Amino acid sequence: MATVRIPSPLRRYTNGQSKVQAQGGTINELIQNLEAQYPGIQSKLLDENGNIKRYVNVFLNDEEIRTLQGGDTPVSDRDEVSIIPAMAGGR
Amino acid sequence: MSYITSDQLIARLRREIPEIDVHQLHDLLQKNPDLVLVDVRETDEWAQGRIEGSLHITRGFLELQIETYVPDRDRPVALLCAGGVRSLLAARDLQQMGYRRVVSVAGGFSAWKNAGYPFSTPRMLSEDQRHRYSRHTIMPEVGEEGQLKLLDARVLLIGAGGLGSPAAIYLAAAGVGTIGIVDFDVVDTSNLQRQIIHRLEDVDTPKVESAARAIAQLNPDVKVVGHQTQITSQNAFDIISQYDIVINGSDNFPTRYLVNDACVLLGKPLVDGSIFRFEGQVTVYDTSRGGPCYRCLYPDPPPPGEVPSCAEGGVLGVLPGVIGSLQAAEAIKLILGKGDPLVGRLLLYDALDAEFRTLKVPKNHNCPVCGDHPTVTELIDYQQFCGIPHPEASGNGAHQPAFS
């Protein structure tokens, strides 16, 4: 299973965990598996057409998945997937 | 015990050390870019005039510092002093260290000047400044030249809050000569948990004033320019164009998109930072270096419905200290032109996990503002872009993540 890094705003779905394990051969499958484990999380990542929201970035290791094969990007057990949301806080 | 006089020593060195005259030096400087000209005179002599492009290491520090600047023992080195004697002694020492291609310039700087060749009078730090910045100037990456660059630099801070506070303090301490601060807000007691430039006595004072006072007490070399206003599409170009680098410490999406677009359109590097709870992000958007911008990473803002109220957010007080300090470090690197800036890389810090990570930020060639065919060529209405009808209604101090 791949490791998924959960950002602060989504940790309420993962019982506060910053790292969780998820199964899936691709990013899309991995997100489905996340949803099965942590209901509600998918709607924060995907739009109504099933695409990654444009203010959310998903990285496979240190590469942004839009530069790879998007949701079809293959994921292996040793990979680390990071979800990086836009944050505006500065004060 | 046998001894020799200084005259005998010099006569012997003249036989042993190859010398060139100033005409040959002039010729070599034109033809051989590999040649390192090291001026070993004392600092007060050097201040009177120097050959452009020469490296200044005083005779006393030569053996200790030469390897830092010239690690390659096969590189040709010409040594220069005032009259050509101290450079002979210096050459002997470098030969002993294994420098194989060392020459001494006969007649030294005086002969160069008398021959009518060009020289410049370097700008120098004052005695007070030399002392104040000594931990900077002793590093070859900074030196007096780098410190002068810092003193000449103009950096704009968007916000004198959580990120702006440590950034302002470190930039001021580093001697960044002009620090602009945009902030319309006044200090509130609830700011003091993290906004370390302000104090209890500053409560209800405009943040711009409070920050200017703190900086003045820290370093009189720094000029603070206060912009006590909200940055808008109307004033952004006027304000940002006065500066070399922008540090973003704003607290809302409209300002982040506005500052990004203005920096792209003006070609200014933007040192971006953001914080939420225990996590922070830092990167440098510099499209003039071919890097990505904020819109490459986040093409659209989150809809307002996804943004929680400020009370739900929160931030660990020390977190902006970490992120704002990293922003100051990146700005200083950009000013000095040293190191590898965070262009095209996003640095993440998680205080709970005590981890730093770096991710690659690709440039989006379809980016509406910095892509190959930009559609945003002037500043727009960013409140509308972010779907926010009344920006002021939500108050200040928000730490808005993209998710509710």
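About the criteria used
Residues numbered from 1 in each chain as written. Chains lettered and ligands numbered in written order. Predicted model: local features only at pLDDT ≥ 70, side-chain atom pairs only at ≥ 80, totals over all residues. Heavy atoms only, no water. Salt bridge = Lys/Arg side-chain N within 4 Å of Asp/Glu carboxyl O. Helix = DSSP H or I, 4+ residues; strand = E, 2+ residues; numbered from the N terminus. Pairing = 2+ DSSP bridges. Axes fitted to C-alpha atoms, helices over the stretch in contact; angles between N-to-C directions. Parallel < 35°, antiparallel > 145°, perpendicular 65-115°, else oblique. Left-handed = near helix turned anticlockwise from the far one by under 90°. Contact = heavy atoms within 4.5 Å. Nonpolar A, V, L, I, M, F, W, Y, C, P; charged D, E, K, R; others polar. Phe/Tyr/Trp six-rings, centres within 6.5 Å; stacked < 30°, edge-to-face > 60°. Buried < 20%, exposed > 50% of the residue type's maximum accessible area, 1.4 Å probe, protein only. Buried area = accessible area lost by both parts, 1.4 Å probe. Polar contact = N/O pair within 3.5 Å; in protein donor to acceptor, adjacent residues only side chain to side chain. Expected span 1.5 Å × (residues − 1). pLDDT = per-residue confidence, 0-100. Disulfide = S-S within 2.5 Å.

Things to note about the pattern of salt bridges
Oppositely charged side chains can pair when the atoms bearing their charge come close.
Residues and elements named next belong to chain B.
Phase 1: Applying the stated criterion across every chain, the model contains 31 salt bridges over all chains.
Phase 2: Arg-100 is paired through a salt bridge with Asp-74; the nearest N and O atoms lie 2.7 Å apart. Residue Arg-100 is located in the loop between helix H5 (86-96) and strand S5 (102-105), and its partner Asp-74 is located in the loop between helix H4 (62-69) and strand S4 (77-80); the two are separated by 26 residues in the primary sequence.
Phase 3: Close ionic contact of Asp-152 with Arg-123 constitutes a salt bridge, the shortest N to O distance being 2.8 Å.

Describing the sheet that holds strand S2 (residues 36-39) of chain B
Phase 1: An order of S1-S5-S4-S2-S3 (chain B) is seen for the 5 strands of this open sheet, with the pairing classed as parallel. One side of each edge strand has no neighbouring strand; the edge strands of this open sheet are strand S1 (19-20) and strand S3 (55-56) of chain B.

Describing the packing of helix H9 (residues 143-152) of chain B against helix H16 (residues 319-336) of chain B
All names here are of chain B.
Phase 1: Between H9 and H16, whose axes approach to 9 Å, the crossing angle comes to 115 degrees. In terms of axis orientation, H9 runs roughly perpendicular to H16. For the crossing formed where H9 meets H16, the hand is right-handed. Residue-level contacts link Gly-146, Lys-149 and Leu-150 of H9 to Ile-332, Ile-335 and Leu-336 of H16.
Phase 2: For the contact of H9 with H16, the per-class residue count stands at 4 nonpolar, 1 polar and 1 charged.

A look at the sheet that holds strand S7 (residues 178-182) of chain B
All names here are of chain B.
Phase 1: Read across the open sheet, the 8 strands follow the order S8-S7-S6-S9-S10-S11-S12-S13; overall the sheet is mixed. Looking at which strands have only one partner, the edges of the open sheet turn out to be strand S8 (223-227) and strand S13 (355-360). Across this sheet, the average inter-strand angle for adjacent strands is 15 degrees, counted without regard to direction.
Phase 2: As defined by bridge partners, strand S11 (residues 279-285) adjoins strand S12 (residues 345-350) across 4 bridges and the pair is classed as antiparallel. Bridge pairing links Gln-281 to Leu-348 in S12.
Phase 3: Against the sheet, helix H10 (residues 164-174) contacts strand S6 (154-158), S7 and strand S9 (245-248), and its axis sits at roughly 165 degrees relative to S6.
Phase 4: Across the sheet, H16 touches S6, S9, strand S10 (270-276), S11, S12 and S13, and the angle it forms with S10 is around 170 degrees.

A look at the packing of aromatic side chains
Residue and element names in this part refer to chain B.
Phase 1: Here the structure, examined in full by the defined rule, presents 8 aromatic pairs over all chains.
Phase 2: Here the aromatic rings of Tyr-257 and Phe-385 are separated by 5.1 Å at their centres, their planes lie at 75 degrees, and the arrangement is edge-to-face. Taken as a pair, Tyr-257 in helix H13 (residues 253-266) and Phe-385 in helix H17 (residues 382-385) lie far apart in primary sequence, 128 residues in all.
Phase 3: According to the relative accessible area criterion, Tyr-257 is buried, its value standing at 0%.
Phase 4: By relative accessible area, Phe-385 is classed as partly exposed at 25%.
Phase 5: Between the aromatic rings of Tyr-285 and Tyr-294, the centroid separation amounts to 6.0 Å while the plane-to-plane angle is 75 degrees, which identifies the pairing as edge-to-face.
Phase 6: Tyr-285 sits in the buried class, given a relative accessible area of 4%.

Looking at the interface of chain B and chain A
Phase 1: Taken together, the 52 residues of chain B in the interface contact 31 residues of chain A.
Phase 2: Together chain B and chain A conceal approximately 3400 Å² of surface at their shared face, both sides included; 54% is due to carbon and sulfur atoms.
Phase 3: Measuring nitrogen to oxygen at the nearest pair gives 2.6 Å for the salt bridge that ties B:Asp300 to A:Arg54.
Phase 4: For the pair chain B and chain A, the number of links is 16 residue pairs in polar contact (both at pLDDT 80 or more).
Phase 5: Every element with two or more residues in the side of chain B that touches chain A is listed here: H13, S10, S11, helix H14 (294-297), S12 and S13 of chain B.

Examining H5(B)
Residue and element names in this part refer to chain B.
Phase 1: Buried residues of H5: Ser-87, Leu-88, Leu-89, Ala-90, Ala-91, Asp-93 and Leu-94, and no others.
Phase 2: The elements touched by buried residues of H5 are helix H1 (6-16), S1, H4, S4 and S5.
Phase 3: Count one or two residues on from H5 and you reach Gly-98, which has phi positive near 100 degrees.

Observations regarding H16(B)
Phase 1: Its 18 residues place the ends of H16(B) 26 Å apart at the C-alpha level, agreeing with the 26 Å of an ideal helix rising 1.5 Å per residue.
Phase 2: One or two positions beyond H16(B), positive phi appears at B:Gly337, with a value near 70 degrees.

Quick notes on the side chain of A:Arg11
Phase 1: With respect to the secondary-structure elements, A:Arg11 resides in the loop between strand S1 (2-5) and strand S2 (19-22).
Phase 2: Given the relative accessible area of 8%, A:Arg11 is considered buried.
Phase 3: In this structure A:Arg11 touches A:Ile6, A:Gly16, A:Gln17, A:Ser18, B:Glu279, B:Asp350 and B:Leu352, once residues within four positions along its chain are discounted.

Some thoughts on the side chain of B:Asp251
Phase 1: On the secondary structure map, B:Asp251 appears in the loop between S9 and H13.
Phase 2: Polar side-chain contacts of B:Asp251 include one of 2.9 Å to the side chain of B:Asn252.

Let's talk about the confidence of the model for chain B
Phase 1: Summing up the model confidence of chain B, the mean pLDDT is 93 and the portion of residues at 70 or higher is 95%.
Phase 2: Both scores are given for the predicted complex: the pTM is 0.81, the ipTM 0.94.

Overview of the state of the cysteines
Residues and elements named next belong to chain B.
Phase 1: Taken as a whole, this structure holds 0 disulfides over all chains when the rule is applied.
Phase 2: Free cysteine Cys-367: the closest other cysteine sulfur is in Cys-293, separated by 3.7 Å.
Phase 3: With no disulfide of its own, Cys-370 lies 3.4 Å from the sulfur of Cys-296, the closest cysteine sulfur.

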